[in-house]
Every structure is written in C-alpha cells, then in structure tokens.
Amino acid sequence: MSSDLLAGVSVLDFGTVGPAARASAILADYGATITKVGAVPRAGAVTITPPAFAYSGGRGTRRVQLDLKADKGRAAAQALAAASDVVIESFRPGVADRLGIGWNELSTQNPRLVYCSTSGYGQNGPASQRAGHDLNYLAVGGFLDCSGRRDDGGPALPGATVADIAAGGMQAAMAVMAALIGRGNTGEGRYLDVSIVDGVVAMMSLYVDEYLVTGTEPGPGHNVLTGRYAWYGIYRCADDGWISVGAIEPRFYANLLRELDLDSERFGSAQYEDEAQDDLRAAMTKVFATRSRGDWAGQLGDADCCVAPVMTIPEMTIDPHVEARGLVGRAVHPTDGDLAQLDRIWAGTVRRDAPESLPDTSSTDTAELLADAGWTGTEITAAIAEGAAA
C-alpha cells in the first residue's frame, strides 16, 4: 500500500462544524493526524456534536476537551499547538487572540506553525464581525444571483453547502498544504486568513472577470452556463425523472439533434441563435417527455452528446460507475457498529483494505495527548480536577 501524503503531519483543530471541520476531514484523509479541541462539558451549556456520520465520521481524529478561559486549559492548548504542524480555528475574528491561542502567541512558541483562521468574511473589513452561514456567503459572493430561479423569481436554494465545502473547507485544506510545502523550503510557518466569501468570489471568477472587462452583468440566462441556450439545461421525462443536457461543443450538439430526431435543417445552424432557442427548448421538452429517464439515459449516455440522468442520493450510491470507482466504503463505529460511508475520495489519498475505524465522540484522548505534549501526570490530573480539561 502506498504511504499517506501527509503522514506525520499533526493538526490541532479548534473548529467543530463548517469549513474548519471540512478542512480537517480532507487533511485526515491524506494521512494527517487531527486533534479536535472541544469545550469541557458544563451544566446548561449547548455543545455542538456532529452526528457519527458527519465529516467522514471523524476518521483519523483524536479528541481533547479544554476550557480555554481557564489558565490550565489555555496552557494545555498552547502546549498542544507547540507540538503541532498546523492549527485551524473558526472563532469570530479577534476571539482566538483574546483566548491566548492566536497566531502571534502560538507562532512565537512554534515558529514553524501553519496557522489557518477560517471565517465567513475574513479577519478584516466592515463585515468581518458578522455572523453567517453557507447561504449568506453564497448570497453576498454573487453565486445565488447567477443561479436558477424559483417560480416567484427568487434564487433557488443550492442542493449542497457549496460555500462551506468548496469556498471554505477546500480552500483551507489547499492553503494549508501549500503552506506546508513552503515551510519545507523556508523553515518558517505561515498565517492563513481563509474567508469563505473570498472563496465564493473566486469560484465566481469567470463571471466576475467578464463583468470587470466587458461590463456585461451576469445572471440567469446571460450565457451558456446559466441557461441562455436550450441545449444546456434540465428536462422532465415521461416518468417525472429529469435529464441534464450540456451539449456545448458543435459536434455534441449535432449528436444530440440526431439522437432526439430533431430537424437538423431547422436547428443545425441555430445552436447559438437567440431567436431559435424558444422553439428548440419547446421541441426538446416535447421529445424528452415521451420516454422515461432511464430510457433516455440508456440511449444518450454513450452517444457522445453530454447527457446524464439527474440521480437521487440513494441512486447515486449504487450507480455502477460509483461502485466501479470505489467511492463508498465501510467503517466501524464503537457504538453504531458497521456502517457505510464515503471512502477516501480525493486524488492521492490512500484507501484502507479494512473498514475505517471511527472514534467514539463520547470519550476523549486528553490525558494521552497532553502527555505526548510533555505534561506530567500530576499536571494532567490537576487540570482535569479543576475542570480545565476533560
């Protein structure tokens, strides 16, 4: 078996959900060892505990609970950071510094540290202190306005947490890995300000740059990828299933017309003619409504016309191509037992021959982790007794 690309890299993660958790899950799949820092249990306190299946079930993760407002809890966090390659945090800007676990404090103790702050709007700017979630970041980054519309004309809700996953989590993981490579060249750590909104804006670069250069305002139906043309869209089939069509290139478009038995003399030269799109869209709608999604997918899938069925999550997980790629694997959880989960999917990750072993989130590895960071048994016992660690 090949070795993990991030084997030997240790990550201290102060986040619980969102981009920080997604970044840690990606780094763990590449072989990094993740230590998740949670709050010590307190009566009446609300603690966010993701379900066992979330964020890859926490594979490759150990857990410690600390009271960061207590002297011993803060000292414990600093000791763990001093022994780590990477720190990831998702506090509101300024909070980590006030807790004594910010970049300035921790990098002084560990100059090789890669420190990644994830937040909605970034560490500076007039919106930096605002609370938000995935939908808000997609809204201000221009994503929603360029998306499809509901019947009332408003932007449709996305089908996934695109901002958290791609604009936040994947951006953070990419930045961390780049910083680790840079550290290998310079010997110095790096501070990373990961703003989810910045990531959304970067995702929208094709449209943003078009506007900045040409003055054309993007939006639904303004170009190929936002529904301007009939041959790039989604159509209902006879069984109320849906089929996606993306016949952008002329040869794929010609193949599509042939397979749908549409008049090539009428539509063949009209691929990019705006005045022909309503008629073409009506013709395609009528044809797709004559047969089931499965029939169309079977005919068009290998006909080189860029057509694919819109599948549900249950359908996708048992699709022959997904099975052939080995995207769904097995895992064992201490209390939930054997379960299925997405395997290590990212390119370059190493899949295990045996089922993944998932951690029990009801317990912690605090004593072991603090001992590895150089704390004595007496210090550990005292911190736990005082409620600074659990």
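Look above for the structure.
No experiment lies behind these values; they were computed from the predicted model shown.

Asks: Would you mind showing me how to read the overall build of the protein chain here?
Replies: Per the secondary structure count, the protein chain includes 16 helices and 12 strands. Seen through its principal axes, the protein chain has C-alpha atoms that stretch 85 × 50 × 45 Å. Looking at the protein chain residue by residue over its 390 residues, the buried ones come to 42%. The contacts in the protein chain between residues at least 6 apart in sequence include a share of 67% that link residues at least 24 apart. About 20,000 Å² of surface is accessible on the protein chain, with carbon and sulfur atoms providing 54% of the total.

Asks: What exactly am I supposed to notice about the pairing of strand E4 (residues 86-89) here?
Replies: Regular strands place their side chains on alternate faces of the sheet. Residues Val-86 and Ile-88 of E4 are buried on one face, and the alternating residues Val-87 and Glu-89, pointing to the opposite face, are buried as well. In this structure, strand E1 (residues 10-13) lies alongside E4, joined through three bridges in parallel fashion. Paired with Leu-12 across the two strands is Val-87, which belongs to E4. Pairing analysis gives four bridges linking E4 to strand E5 (residues 114-119), with the strands arranged parallel. The partner of Val-86 across the bridge, within E5, is Val-114.

Asks: Explain the packing of aromatic side chains to me, please; I cannot follow it from the model alone.
Replies: Pairs of aromatic rings are described using the distance from one ring centre to the other and the angle between the two planes. Tallied over the full model, the rule gives 11 aromatic pairs. Taking the centre distance of 5.1 Å and the plane angle of 70° together, the rings of Tyr-229 and Tyr-272 count as edge-to-face. Residue Tyr-229 is located in the loop between helix H8 (205-214) and strand E7 (232-236), and its partner Tyr-272 is located in the loop between helix H10 (264-267) and helix H11 (277-288); the two are separated by 43 residues in the primary sequence. Arranged with centres 5.2 Å apart and planes meeting at 70°, the rings of Phe-288 and Trp-296 form a pair that is edge-to-face. Across the pair, exposure class does not vary: Phe-288 and Trp-296 are buried alike. Members of the aromatic cluster, connected to one another through ring pairs, are Tyr-229, Trp-231, Tyr-253 and Tyr-272.

Asks: Could you clarify how one ought to interpret the side chain of Ser-117 in this entry?
Replies: Checked against the element boundaries, Ser-117 lands in strand E5. Side-chain polar atoms of Ser-117 contact the side chain of Tyr-191, separated by 2.9 Å. Aside from chain neighbours lying at most four places away, what touches Ser-117 is Glu-89, Gln-123, Tyr-191, Leu-192, Asp-193 and Val-194.

Asks: I would appreciate a short explanation of the packing of helix H1 (residues 18-29) against helix H6 (residues 162-186) in the present structure.
Replies: Helix packing for two helices is described by the angle between their axes and how far apart those axes are. At a closest axis distance of 8 Å, the pairing of H1 and H6 adopts a crossing angle of 50°. As the angle between them shows, H1 and H6 are arranged oblique. As for how H1 packs across H6, the hand of that crossing is right-handed. Packed against H1, whose contacting residues are Gly-18, Pro-19, Arg-22, Ala-23, Ile-26 and Leu-27, the element H6 presents Asp-164, Ile-165, Gly-168, Gly-169, Met-170, Ala-172, Ala-173, Val-176 and Met-177 at the interface. Along the lines of polarity and charge, the residues of the contact of H1 with H6 split into 10 nonpolar, three polar and two charged.

Asks: Can you walk me through a nonpolar patch on the surface in this structure?
Replies: Judged by side-chain polarity, Leu-206, Leu-225 and Tyr-232 come together as a nonpolar surface patch covering roughly 270 Å² of accessible area. Along the chain, Leu-206 turns up in helix H8. The exposed category is assigned to Leu-206, whose relative accessible area is 57%.

Asks: Could you clarify how one ought to interpret the environment of Ile-181 in this entry?
Replies: When you line up the elements, Ile-181 lands in helix H6. Along the backbone, Ile-181 and Ala-166 are 15 residues apart, and their C-alpha atoms lie at a distance of 21 Å.

Asks: Explain the sheet that holds strand E10 (residues 328-333) here, please?
Replies: The strands making up a sheet associate through hydrogen bonds between their backbones, and the pairing can be parallel or antiparallel. Spatially, three strands are ordered E11-E10-E12 in an open sheet, and the strand pairing comes out mixed. The open sheet terminates on both sides in strands that have one partner only, identified here as strand E11 (337-342) and strand E12 (356-357). With six bridges connecting them, E10 and E11 associate as antiparallel partners. When the sheet's bridge partners are listed, Val-332 is paired in E11 with Asp-338.

Asks: How should the environment of Met-170 be read in this particular structure?
Replies: In this fold, Met-170 is placed in helix H6. Among the residues examined, Met-170 registers a relative accessible area of 33% and is labelled partly exposed. Put simply, Met-170 and Pro-111 are 59 residues apart on the chain and 25 Å apart in space, counted from C-alpha to C-alpha. Each residue touching Met-170, except ones within four places of it in the same chain, is listed here: Ile-26, Ile-165 and Trp-346.

Asks: Before we go on, may I ask you to explain the pairing of E5 in this structure?
Replies: With six of six residues buried, E5 is to be regarded as a mostly interior element. Of the two faces of E5, both are covered, the one formed by Val-114, Cys-116 and Thr-118 as well as the one formed by Tyr-115, Ser-117 and Ser-119. The pairing of E5 with strand E6 (residues 190-195) spans six bridges and is classified as parallel. Along E6, the bridge assignment pairs Cys-116 with Leu-192.

Asks: Help me understand the packing of helix H9 (residues 250-260) against H11, please; the structure alone is not making it clear to me.
Replies: Put simply, H9 and H11 touch, their axes get as near as 11 Å, and they point 50° apart. As summarised for this structure, H9 and H11 are arranged oblique, according to the angle between their axes. Here H9 runs over H11; the crossing is left-handed. On H11, the residues that touch Tyr-253, Leu-256, Leu-257 and Leu-260 of H9 are Leu-280, Met-284, Val-287 and Phe-288.

Asks: Even after reading the chapter, I still don't get the pattern of salt bridges, so can you show me in this structure?
Replies: Any two side chains of opposite charge can pair, on the condition that their charged atoms come close. Under the definition given, this model contains 19 salt bridges. For the salt bridge of Glu-368 with Arg-62, the shortest nitrogen-to-oxygen distance reads 3.9 Å. Of the two residues, Glu-368 is situated in helix H15 (residues 366-372) and Arg-62 in strand E3 (residues 61-66); the sequence distance between them amounts to 306 residues. You can call Glu-368 partly exposed: its relative accessible area is 45%. Classification of Arg-62 as partly exposed rests on a relative accessible area of 26%.

Quick notes on the rules
Sequence order sets the numbering: in each chain, residues are counted from 1 along the sequence as written. Local features are withheld for residues below a pLDDT of 70 in this predicted model, meaning they are given only at 70 or higher, and side-chain atom pairs are given and counted only at 80 or more; totals for whole chains, interfaces and linings count all residues. Water and hydrogen atoms were dropped before computing side-chain values, which therefore reflect all heavy atoms in the structure. Comment: elements are numbered from the N terminus, with helices defined as DSSP H or I runs of at least four residues and strands as E runs of at least two. Each residue gets one of three labels from its accessible area relative to the maximum for its type: buried under 20%, exposed over 50%, partly exposed in between, using a 1.4 Å probe on protein chains only. Note on contacts: a residue pair is in contact if any heavy atoms of the two residues lie within 4.5 Å. Only the protein chains shown count as cover for residues, and the accessible areas themselves come from Shrake-Rupley with a 1.4 Å probe. Should DSSP find at least two bridges between two strands, the strands are regarded as paired. Planes of paired rings set the category: under 30 degrees apart is stacked, over 60 is edge-to-face and the rest tilted, where pairs are Phe, Tyr or Trp rings (Trp by its six-membered ring) whose centres lie within 6.5 Å. Distance and chemistry together define a polar contact, namely a pair of N or O atoms within 3.5 Å, with one atom able to donate a hydrogen and the other to accept it when in protein, and with adjacent residues in sequence counting only for side-chain atoms on both sides. Axes, fitted as lines to C-alpha atoms, cover a helix only where it is in contact. Angles between the N-to-C directions of the axes lie from 0 to 180 degrees. The scheme is simple: roughly parallel for angles under 35 degrees, roughly antiparallel for over 145, roughly perpendicular for 65 to 115, oblique for anything else. By definition, turning the near helix anticlockwise from the far helix through less than a right angle yields a left-handed crossing, and turning it clockwise yields a right-handed one. All residues other than Ala, Val, Leu, Ile, Met, Phe, Trp, Tyr, Cys, Pro, Asp, Glu, Lys and Arg, Gly among them, are scored as polar; the first ten of these are nonpolar and the last four charged. Residues enter patches when their relative accessible area tops 30% and they take part in no salt bridge; the joining distance is 9 Å for like charges and 5 Å for the nonpolar side chains Val, Leu, Ile, Met, Phe, Trp and Tyr. Salt bridges are identified by distance alone: a Lys or Arg side-chain nitrogen within 4 Å of an Asp or Glu carboxyl oxygen.

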